[in-house]
Amino acid sequence: MIINLPFSALRAFEAVVRLSGFSAAAQELGVSQSAISQHVKTLEEWLGQELLIRGARKSQPTREGDQLARAVSDGLGRISDVCAQLRDRTRSENTVVISCLPGFSFTWLFPRLLNFDTAHPHLAVSIVTDTGQLPFSAADADIGIRYGLGDYPGFHVEHLMHESLTPVCAPSLIEGPPGLRDLEDLGSHTLLHDENESFGNAAPTWEFWARNCGLTLPTPVKSRRFGQSNLVVQAAIQGLGVALGRKPLVIDALVDGRLVRPFPQITRSPLSYWLVLRHERLDSEKVQSFLSWIRSEVARDPDLPEAIPPRD
């Protein structure tokens, strides 16, 4: 017999114990701190037991509370595992689910998916975008396309493509005013920045490009920062400033002329794109079809166009 358990209260209590506080639990569950507090209070009254020793900054479970929290955590973990298995079992074998960053999906992957549809009309691709900050969740996707250093323990990891760095801008910025033909001219323009703080010193920044190319950046009149790489590319296309172009994200706009290269210097980024998937998914026919296709698309990508010749 299963008694009528207060599942919402149990989930809230487990989060408080695991995260050592009401505020963190409220943030994780997307509710107010007072709602979490009320859930715990209701659970204590229902059980007739004190479950938490409340502190100003940290709450600790009582012996009974620790026992209950462990049981809830174990139970939720088993439920999560079963749900993941059911999702895998019921996921259509005609759909390949890809997890990747929004910027990569928007500027590189989406424009090429028609080629996949043409080559594999019996398969469909579903894109799940995320920030890439959390570990790859194999329960939500067949294949992850990740950006970074390739450190994904426990998964099959395959290098997909390197990243090259070079400044890019709209053609209208070249001739001005104020013009953009020499490195010193950057001081008269807005520099567009792609936020990559999570990579620390490995982030492909303007400073990284200049240092690797043996250059000294002038102080720009203005800087603008964006949280997504596709916004940086779009801002550059609209002439809002000069961006540090990241191939593959800018290759299409360079080839069709929406962007140009004002300077010839190129350097390789310390970061790359990686294919990440569970080892057992390598036996899937649909996964192999997508992997073969995306490898061929990478091989077909053209080289960066030449920079605009310097003025005489």
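Everything in this summary refers to the structure shown in the same document. (Residues numbered from 1 in each chain as written. Predicted model: local features only at pLDDT ≥ 70, side-chain atom pairs only at ≥ 80, totals over all residues. Heavy atoms only, no water.)

Examining helix H10 (residues 285-300)
Since one α-helical turn is 3.6 residues long, residues separated by three or four positions face the same way. Look at H10: 23 Å from first C-alpha to last across 16 residues, which is about the 22 Å you get at 1.5 Å a residue. For H10, the full list of buried residues reads Lys286, Val287, Ser289, Phe290, Leu291, Trp293, Ile294, Glu297 and Val298. If you follow the buried residues of H10, they end up packed against strand S3 (95-100), helix H5 (102-119), strand S4 (124-129), strand S5 (143-148), strand S6 (156-168) and strand S10 (267-277). (Helix = DSSP H or I, 4+ residues; strand = E, 2+ residues; numbered from the N terminus. Expected span 1.5 Å × (residues − 1). Buried < 20%, exposed > 50% of the residue type's maximum accessible area, 1.4 Å probe, protein only. Contact = heavy atoms within 4.5 Å.)

Quick notes on the pattern of salt bridges
With the rule as written, the count across this model stands at 14 salt bridges. The salt bridge partner of arginine 54 is glutamate 44, with a shortest N-O separation of 3.0 Å. Of this pair, arginine 54 sits in the loop between strand S1 (52-53) and strand S2 (60-61) while glutamate 44 sits in helix H3 (residues 33-47); the two residues are 10 residues apart in sequence, bridging distant segments of the chain. When its relative accessible area of 42% is taken as the criterion, arginine 54 is described as partly exposed. With a closest N to O distance of 3.7 Å, arginine 63 and glutamate 64 form a salt bridge. Looking at arginine 63, the relative accessible area reads 69%, which means it is exposed. Assessed through its relative accessible area of 30%, glutamate 64 is described here as partly exposed. In this structure, a network of salt bridges that share partners links the residues Arg112, Asp252 and Asp301. (Salt bridge = Lys/Arg side-chain N within 4 Å of Asp/Glu carboxyl O.)

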